[in-house]
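Reading the structure
Letter by letter, the chains look like this.
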Amino acid sequence: MPEKINLQKFVDELPVPYTLSPRKQSSNHSYYEVIMKEFSQKLHRDLPPTRLWGYEGTFPGPTFDVMKNETVLVKWINDLPGKHFLPVDTTIHGSESTLPEGRSVVHLHGGRTPAHSDGYPEAWFTRNFEQTGPLFEREVYIYPNIERATALWYHDHTIGMTRLNVYAGLVGYYLIRDKHEQSLNLPQGKYEIPLIIVDRSFNPDGSLYYPARPDQDDAGLPSPSLVPPFDADTILVNGKVYPYLNVEPRKYRFRILNASNSRILTLKLDNNQPFFQIGTDSGLLETMIVIHEFILLSAERMDVIIDFSYCCGQSIILKNVTSNASAETTEVMQFRVAQPLTSADTSSLPFYMGEFIRLSRSMAKRTRDLVLIRIQDQYGRSLNLLDGKMWIDRISEKIEVNTVEIWRFINIINDDPHPIHLHLVDFQILDRQPFDVAHFEETGNLIFPGPPDPPEPYETGLKDTVRAPYGYITSIIVRFGPFTGRYVWHCHMLEHEDYEMMRPMEIFETPD
């Protein structure tokens, strides 16, 4: 681990990523160009500038703010160096020494996009598209934005390199609006703020620290060597270490994203003030939920309103109370209710936000049992697999478009819960049921010592990433579509995703 750096908290103001403007625009089409480049950025008052990779030369990247059914065209331009500044393990599939290190491909996380624009891990490309991956199809991506109003995010998705490229800074927000959401009179403008939370470690010179090998002392490991999920020791929000935000005594809407490689966040306010939750990963809830704390695994999002009306003069800390949080990772950011009201707060706190289509178990055409297992690789490192299969194994999840299926994730990996993400679709969490792991491992049969647990209240909306804990069957129900082609599903702990805990799936259309 790097030398410990004690950085003072709450000395830098929270930055808000700027909104990206299109290069061209018509009545229902917008065209953007986004350049990935290397740059330096100051992440804390007392740190020298940090070398980063980012979209448009910022970390996090700029925010897309688009309307439902607005067709967005994006040319993602790779201007990254040919050599990575973080340690590349060339022993893992998709990251061999014969491949260029400065490759990238962009995934719109949570987006309903055609397969050619999904950011398939093997559709990578280098500077000026000089080299491309085996499944690269096009330079300009198409996003039809047919989702409900929601907060998506975009990030690197290069096979074997995602953990390094995201850690280097390749993340940004993508907001979709619609007229229904606009009719709800939610806090908006400067009172609606994205919060992109990550963890990073630093060397004394301000450079990012990422381990070149696991903690285990094993001379037989390659160098560099992939590490298990890595929890860094410093929290950043919107690219600043432990920032503060000056707020007025009024309602604010926060779009919260855990964009860490693997860190689990359990968030609450230190004055025990409630969050008014209005949305999940994939859009608005039917009814508002009052919560005091919530868990976010990597890639999960929350849409909440905090009412500072009764907090004049207070300083409130957003805390991470996850059990393994250290002193450095317990405090996330500070809200200072120090600003006077600039105008009357006329925004609403709606109780009912509208119905969305729920799927019933009777609609499912098939139930798939998918086991999360761990074995060892040739070097003795942990190798986590989805249903016992490697990335290059034959596609086993083939689904007819617009059909409904139940997927049950049976987790026998004895460690932190895994965030499982499916591309293209959103889904509903049905339940989590404990089972006898030892009996299952011995016989392959499931015995249930207790009834299933319903999803947490804050998980009852539409999701694209689900927490799958050890010793539980986590069941989701999904309608697959509307597009066909090859997509992926994977664990969103990026170190796991990069090393085989990702599988292709194929959505197909039956000919008439």
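In this report, the structure presented in the accompanying data block is examined. One numbering rule holds for all chains: residues counted from 1, following each sequence as written. Only residues with pLDDT of at least 70 are given local features in this predicted model, and only at 80 or more are side-chain atom pairs given and counted; all residues enter the totals for whole chains, interfaces and linings. Based on all heavy atoms of the structure, the side-chain values leave hydrogens and waters out of the count.

**Here we look at the sheet that holds strand 32 (residues 502-508)**
Here five strands make up an open sheet; going across it, the order is 25-32-31-27-29 and the pairing mixed. Both outer strands of the open sheet, strand 25 (397-400) and strand 29 (465-468), are each paired with one neighbouring strand and no more. Each strand of the sheet is rotated relative to its neighbour by a mean of 25 degrees, with strand direction disregarded. Alignment of strand 27 (residues 418-422) against strand 29, held across four bridges, turns out to be antiparallel. Each residue of the ladder has a partner; that of Ile420, found in strand 29, is Val466. A pair of strands is labelled paired if DSSP reports no fewer than 2 bridges between them. Numbering goes from the N terminus for both helices and strands, where a helix is a DSSP run of H or I of at least four residues and a strand is a run of E of at least two. Axis lines are fitted through C-alpha atoms, for helices just across the contact stretch, and the angle between N-to-C directions can take any value from 0 to 180 degrees.

**A word on the pairing of strand 31 (residues 485-491)**
For each residue, the accessible area found with a 1.4 Å probe, counting protein chains only, is set against the maximum for its type, and the residue is called buried under 20%, exposed over 50%, and partly exposed in between. Of all seven residues in strand 31, five are buried; the element is thus mostly enclosed. With three bridges joining them, strand 27 and strand 31 adopt antiparallel strand pairing. Within the sheet, the bridge partner assigned to Ile420 lies in strand 31 and is Cys491. In terms of strand pairing, strand 31 meets strand 32 through six bridges, oriented antiparallel.

**Quick look at the layout of surface pockets**
In this model, the largest pocket occupies a volume close to 420 Å³. The distinction between a cavity and a pocket rests on a 1 Å grid over the protein atoms alone: a 1.4 Å probe fits inside a cavity but cannot get out, while a pocket stays open yet meets protein on both sides within 12 Å along at least five of seven lines, and a residue with an atom within 4 Å of a point counts as lining. Lining the largest pocket are 20 residues, and of these Arg112, Arg148, Ile357, Asp426 and Leu462 sit closest to its centre. Elements represented by at least two residues in the lining of the largest pocket include exactly strand 8 (150-156) and strand 28 (427-434). The nonpolar class holds Ala, Val, Leu, Ile, Met, Phe, Trp, Tyr, Cys and Pro. Asp, Glu, Lys and Arg form the charged class, and all remaining residues, Gly among them, are polar. For the lining of the largest pocket, the per-class residue count stands at nine nonpolar, six polar and five charged. Size it by volume and the second largest pocket reaches roughly 310 Å³. Val227, Pro228, Pro229, Arg374 and His496 are the residues nearest the centre of the second largest pocket, which is lined by 19 residues in total. Classifying every residue of the lining of the second largest pocket gives eight nonpolar, five polar and six charged. Grid points are joined across faces, edges and corners, and a volume is the space filled by probe spheres set on the points.

**So, the sheet that holds strand 23 (residues 366-376)**
Read across the sheet, five strands follow the order 24-23-26-30-28 without closing on themselves; strand pairing throughout is mixed. Of all the strands in the sheet, just strand 24 (382-386) and strand 28 have a single pairing partner and so form its edges. Averaged over all adjacent pairs, the angle separating strand axes in this sheet is 20 degrees, with direction ignored. With seven bridges joining them, strand 28 and strand 30 (residues 472-479) adopt antiparallel strand pairing. Paired with Gln428 across the bridge in strand 30 is Ile477.

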